[in-house]
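# Descriptive analysis of the structure
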Amino acid sequence: MPVRTEPWPTGTPCWVDLAVPDLAAAKEFYAAVLGWTYLDTGEEFGNYQIGQRDGHAAAGVGPLQNEGQPVAWTTYLASDDVDGTAKLISENGGTLLAEPFDVLGSGRLCLALDPQGAPFGVWQAAHSVGAEVYNEPGALVWSEVGVSEPDPARQFYAAVFGYSYQPVEGAPPSYTTFHRESDAPLGGIGGLDTSRDVAPQWLAYFMVADADAAVAAATERDATVIDGPVDTPYGRLAVITDRQGATFAIMGRPLPS
């Protein structure tokens, strides 16, 4: 299992978390679907739960903090200067939902909307690098943002995080991967799914050992399968909305060629 101990490079999706009205139900759901155990960070941190695989941090789940707060997964992009990144967000048409603040030695973060309204966070690591496990069952494996107008979104994220973009063979022309300083993709950006009413958003993909078993575990717990499971060149994929309204994707390992 690859384990990350150093801060993630700037612009890398480095953490995801979820705020829910029923924390106990969310813990049971994601334990069944993604195989997580949990570390309770205690009352000082609002009983925020670190979802773990083999004792290493994969993602966070916590209670809703504000009335009207949406139930949704939030993707955090790494930065080595969250204050500078927050300034760039504002200067390029984004909106700060939470100005940069310290998380008691773990790191420093801000929360924002891109110019088309997709929420995201920015994380500057201190004690916590964010996700410690990756590209393994139960861990974040891909992140992408869907917006109404992908080209202006690409301009925004390039200005804030220094991304460059590459087309994806077989994907719609509006979809590209985003990169920094190498050919390795960090995630994707594309248009919204016009077949359903969905707001601009970042979508987190979690790897699973068996996509069909994960879908079965989710539907047994009253989740809604939005798409799939379907085989793709990258693995067996499904998009799911849990019973509290948070949408995420799962991806099984690619089949042997």
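As a starting point, this report considers the structure included with it. Sequence order as written defines the numbering, with residues in each chain counted from 1. Confidence filtering applies because this is a predicted model: local features only for residues at pLDDT of at least 70, side-chain atom pairs given and counted only at 80 or more, and all residues used for totals across whole chains, interfaces and linings. Side-chain measures were taken over the full set of non-hydrogen atoms in the model, leaving aside hydrogen atoms and water.

Okay, the sheet that holds strand 6 (residues 95–102) next. Here, a strand pair is defined by DSSP locating no fewer than two bridges between the strands. Each helix corresponds to a stretch of at least 4 residues labelled H or I by DSSP, and each strand to a stretch of at least 2 residues labelled E; elements are numbered beginning at the N terminus. Taken in spatial order, the 8 strands make up an open sheet running 2-3-4-1-5-8-7-6, and their pairing is mixed. The open sheet has two edge strands with one neighbour each: strand 2 (37–40) and strand 6. The sheet shows a mean angle of 25 degrees between the axes of neighbouring strands, direction not considered. Strand direction decides the pairing type here: strand 6 and strand 7 (residues 107–113), joined by 5 bridges, are antiparallel. Bridge pairing links T95 to L113 in strand 7. Helix axes are fitted to C-alpha atoms over the stretch in contact, other axes to C-alpha atoms as well, and angles between N-to-C directions run from 0 to 180 degrees.

This part covers the packing of aromatic side chains. Here a pair means two rings of Phe, Tyr or Trp (six-membered ring of Trp) with centres within 6.5 Å. Their orientation is stacked below 30 degrees between planes, edge-to-face above 60, and tilted elsewhere. Under the counting rule described, the total for this entry stands at 22 aromatic pairs. For the pair W36 and Y38, a centre-to-centre distance of 6.4 Å together with 85 degrees between the ring planes defines the contact as edge-to-face. Burial here depends on accessible area, computed with a 1.4 Å probe over protein chains only, as a share of the maximum for the residue type. Under 20% is buried, over 50% is exposed, and the range in between is partly exposed. Classification of W36 by relative accessible area gives buried; the value is 3%. Ring geometry for Y157 and F161: centres 6.5 Å apart, planes at 20 degrees, overall stacked. With Y157 and F161 both in helix 3 (residues 150–161) and 4 residues apart, this pair spans about one turn of that helix. We classify Y157 as buried; its relative accessible area is 1%. The exposure class assigned to F161 is buried, which follows from its relative accessible area of 1%. Grouping aromatic residues by their ring pairs yields a cluster made of F120, F156, Y157, F161, Y163, Y165, F178 and W202. A ring is considered to have a charge above it if a Lys NZ or an Arg CZ atom is located within 6 Å of its centre and within 35 degrees of its normal. Between R4 and the ring centre of W8, over which it is positioned, the NZ or CZ distance is 4.6 Å.

On to the side chain of Q52, then. Its location among the elements puts Q52 in strand 3 (residues 49–53). Q52 gets classed as buried once you look at its relative accessible area, which sits at 14%. Note on definitions: a residue-residue contact is assigned when non-hydrogen atoms from the two residues lie within 4.5 Å. Residues in contact with Q52, not counting those within four places in the same chain, are G35, W36, T37, L39, A57 and A58.

Attention shifts here to unusual backbone geometry. Cis rather than trans, the peptide bond between G228 and P229 has omega equal to 0 degrees. Looking at the element boundaries, P229 is found in strand 14 (residues 224–232). One non-glycine residue, D54, adopts positive backbone phi at about 50 degrees. For L104, which is not a glycine, the phi torsion comes out positive at approximately 40 degrees. Secondary-structure assignment places L104 in the loop between strand 6 and strand 7.

Here we take up the side chain of S143. Considering the arrangement of structural elements, one finds S143 in strand 9 (residues 140–147). Residues within four places of S143 in sequence aside, it is in contact with P13, T75, F178, G187, G188, W202 and L203.

This part is about the nonpolar core. Core analysis: the largest hydrophobic core is formed by 32 residues, its most contacted members being Y30, W36, W73, F206, F248 and I250. Those elements giving two or more residues to this core turn out to be strand 1 (13–20), helix 1 (23–34), strand 4 (56–63), strand 13 (201–208), helix 4 (211–219), strand 15 (235–241) and strand 16 (247–252). In terms of residue count, helix 1 provides more of this core than any other element does, 6 residues in total. Note on terminology: a nonpolar core comprises buried Ala, Val, Leu, Ile, Met, Phe, Trp, Tyr and Cys residues joined through side-chain atoms within 4.5 Å. Judged by nonpolar contacts, the second largest core, of 21 residues, contains L96, V145, F178 and I189.

Before going further, it helps to examine the environment of T74. Tracing the sequence through the fold places T74 in strand 5 (residues 73–78). A relative accessible area of 18% means that T74 is categorised as buried. As for T74 and F120, which are separated by 46 residues in sequence, their C-alpha atoms are 5.7 Å apart.

The 8 strands lie next to each other as 10-11-12-9-13-16-15-14, forming an open sheet whose pairing is mixed. Every interior strand has two partners, whereas the edge strands, strand 10 (164–167) and strand 14, have only one. Neighbour-to-neighbour, the strand axes of this sheet turn through a mean angle of 25 degrees, independent of strand direction. Relative to strand 12 (residues 187–191), strand 11 (residues 176–179) runs antiparallel, the two being bridged by 3 bridges. By the bridge assignment for strand 12, F178 is matched with G187. Packing of helix 1 onto the sheet brings it into contact with strand 13 and strand 16, and relative to strand 16 it is tilted by some 20 degrees. Together, strand 9, strand 10, strand 11, strand 12 and strand 13 form the strand contacts of helix 3, whose direction differs from that of strand 12 by roughly 145 degrees.

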